[in-house]
Amino acid sequence: MEKSGENEMVTPGDVLGRATDLKPGKGAYVASHNNTIYASLTGLRRIQLPPPDSPDQRPIVEVTGHKAHGPVPEPGSVVIARVTKVMARTASADIMCVGPKSVREKFTGIIRQQDVRATEIDKVDMHLSFHPGDIVRAVVLSLGDARAYYLSTAKNELGVVSAESSAGATMVPISWTEMQCPLTGQIEQRKVAKVVS
């Protein structure tokens, strides 16, 4: 039995319906603050009827698609991302890996000022934490606005894992907040990730 909206193309962040009427299946999740079901994948919106003996008789909405086999960031996922832009209160990044797997489509991450570190949040300077081109390890907090995922680096093992100095060399971490260029000895500020051995 087909319902309206069947096989409609959706992308991450699109509204699929209300949790009062539908149950989220693959590629869908409920946002608890507004009880709305959103897509977490790019693909086709499909509605399946529940098994007749199921106590929950809400139809199941899921997203299936040509790209559904690639990994998708979900709240709690640890991701590797490349910083693309740094502003006063946020940094944008392209997510490259979810866990150990590289992604097959473009996912954008946003690190907000309050999610950079766990202490002295009000003193965080985004430009002293990240630079464009930095590779960061972060954890996904939630799907934010405009189809971007909110990321956090507020744990010791999260933050910049690789950065290039202005001289083009890969910098060496020397503290929680500094990395040094091996060629020039110049020290640059970063929110450095603790190396997990």
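Residues numbered from 1 in each chain as written. Predicted model: local features only at pLDDT ≥ 70, side-chain atom pairs only at ≥ 80, totals over all residues. Heavy atoms only, no water.

Put simply, the test is: UniProt positions are given in the numbering used here, feature names are shortened, and annotations may be inferred rather than shown by experiment.
The protein chain carries the name Exosome complex component CSL4 in an unreviewed UniProt entry, which gives Hibiscus sabdariffa as its organism. In its Subcellular location (unreviewed entry) section, UniProt records this for the protein chain: "Nucleus, Nucleolus".

### Quick notes on the packing of aromatic side chains
In this description, an aromatic ring pair is defined by two values, namely the gap between the centres and the angle between the planes. Applied cut-off: Side-chain rings of Phe, Tyr and Trp (the six-membered ring for Trp) are treated as a pair once their centres are within 6.5 Å; stacked means planes under 30 degrees apart, edge-to-face means over 60, and tilted covers the remaining angles. Segments assigned H or I by DSSP are reported as helices when at least four residues long, segments assigned E as strands when at least two residues long, and all are numbered from the N terminus. Relative accessibility thresholds used throughout: buried, under 20% of the residue-type maximum; exposed, over 50%; partly exposed, between the two (1.4 Å probe, protein chains only). The rule for a charge over a ring is simple: NZ of Lys or CZ of Arg within 6 Å of the ring centre, and within 35 degrees of the ring normal.
If you walk through the whole model with that rule in mind, you get two aromatic pairs. Taking the centre distance of 5.8 Å and the plane angle of 80° together, the rings of Phe107 and Tyr149 count as edge-to-face. One end of the pair, Phe107, is in strand β10 (residues 101-112); the other, Tyr149, is in strand β12 (residues 148-152), and 42 residues separate them in sequence. Per residue, the accessibility class of Phe107 equals that of Tyr149, and both read buried. Sitting over the ring of Tyr150, Arg112 keeps its end group 3.7 Å from the ring centre.

### Some points on the UniProt feature "domain: Exosome complex component CSL4 C-terminal" (unreviewed entry) in the protein chain
Those residues carrying the UniProt feature "domain: Exosome complex component CSL4 C-terminal" (unreviewed entry) are residues 102-143 in this numbering. Annotated as residues 102-143, this span is 0% helix and 48% strand, and its ends, taken at the C-alpha atoms, are 19 Å apart.

### Observations regarding the sheet that holds strand β6 (residues 43-48)
Counted only if it meets this: Strand pairing is assigned whenever DSSP identifies at least 2 bridges connecting the two strands.
One open sheet holds the four strands; their spatial order is β1-β6-β7-β3, and the pairing between them is mixed. Edge positions in the open sheet fall to β1 (8-10) and β3 (23-24), since each of these has one partner strand only. Here β3 runs beside strand β7 (residues 60-64); their pairing, made up of two bridges, is parallel. Bridge pairing in β7 places Lys23 opposite Ile60.

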